[in-house]
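Residues per chain, in single letters:
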Amino acid sequence: MLAETCPKIEAIQLPKSYRRTVSKSIEMFLEMQKINLLEGDVWGHRKDINEYYNVSQNVLEKIQELKADRFSNEMIADKLSRESKLNSDMILYILSKKSLELS
């Protein structure tokens, strides 16, 4: 079970083609576990080596720097999506997390 294997998981990002195959019961289960389901690809990530991707501390620090420089969330997402393997929806999700304290 995913929630047992990865107890700190907060979001799952699936390609659009896979996202359509997720059942309503799985969506409800993930919602009960407070796991967000996002649509999109992690480009450049080899799925045959690892099926998951951890957001690096460097990306989190860069988000904090840009936020401190008063960049808008959309500008941060646009800039970092070009510089990292994350798409803009994932970056916007990270920005929305209160635990990062990115005020």
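Described below are features of the structure shown in this document. (Residues numbered from 1 in each chain as written. Predicted model: local features only at pLDDT ≥ 70, side-chain atom pairs only at ≥ 80, totals over all residues. Heavy atoms only, no water.)

1. Comments concerning the pairing of strand E1 (residues 11-14)
Thought 1: Of the two faces of E1, the one lined by Ala-11 and Gln-13 and the one lined by Ile-12 and Leu-14 are each fully buried.
Thought 2: With four bridges connecting them, E1 and strand E2 (residues 36-39) associate as parallel partners. The residue of E2 that forms the bridge with Leu-14 is Glu-39. (Buried < 20%, exposed > 50% of the residue type's maximum accessible area, 1.4 Å probe, protein only. Helix = DSSP H or I, 4+ residues; strand = E, 2+ residues; numbered from the N terminus. Pairing = 2+ DSSP bridges.)

2. Re the nonpolar core
Thought 1: If you look at the biggest cluster of nonpolar residues, it comprises 15 residues, and the most contacted ones within it are Ile-63, Ile-76, Ile-91 and Ile-94.
Thought 2: Sorting the residues of this core by element identifies helix H4 (57-68), helix H5 (73-83) and helix H6 (88-96) as the ones contributing at least two each.
Thought 3: No other element matches the five residues that H6 contributes to this core.
Thought 4: Sequence-distant contacts of Ile-91, that is, excluding residues within four places in its chain, are made with Ile-63, Ile-76, Ala-77, Leu-80, Ser-81, Ser-84 and Leu-86. (Core = buried A, V, L, I, M, F, W, Y, C linked by side-chain atoms within 4.5 Å. Contact = heavy atoms within 4.5 Å.)

3. Here's the deal with the side chain of Gln-13
Thought 1: Take Gln-13: it is sitting in strand E1.
Thought 2: Judged by relative accessible area, which is 16%, Gln-13 ranks as buried.
Thought 3: Only 3.4 Å separates the side chain of Gln-13 from the side chain of Asn-87, close enough to count as a polar contact. (Polar contact = N/O pair within 3.5 Å; in protein donor to acceptor, adjacent residues only side chain to side chain.)

4. Regarding the pattern of salt bridges
Thought 1: In total, this model carries four salt bridges according to the counting rule given.
Thought 2: As a salt-bridge pair, Arg-82 and Asp-78 come within 3.0 Å of each other at their nearest N and O atoms. Taken together, the residues span about one helical turn, with Arg-82 and Asp-78 both in helix H5 at a distance of four residues.
Thought 3: Overall, the relative accessible area of 42% leaves Asp-78 in the partly exposed class.
Thought 4: Glu-83 is the partner of Lys-79 in a salt bridge, and the nearest nitrogen-oxygen pair spans 2.8 Å. Here the residue Lys-79 and the residue Glu-83 both occupy positions in helix H5, the gap between them amounting to four residues, near one helical turn.
Thought 5: Under the relative-accessibility criterion, Glu-83 is labelled partly exposed at 48%. (Salt bridge = Lys/Arg side-chain N within 4 Å of Asp/Glu carboxyl O.)

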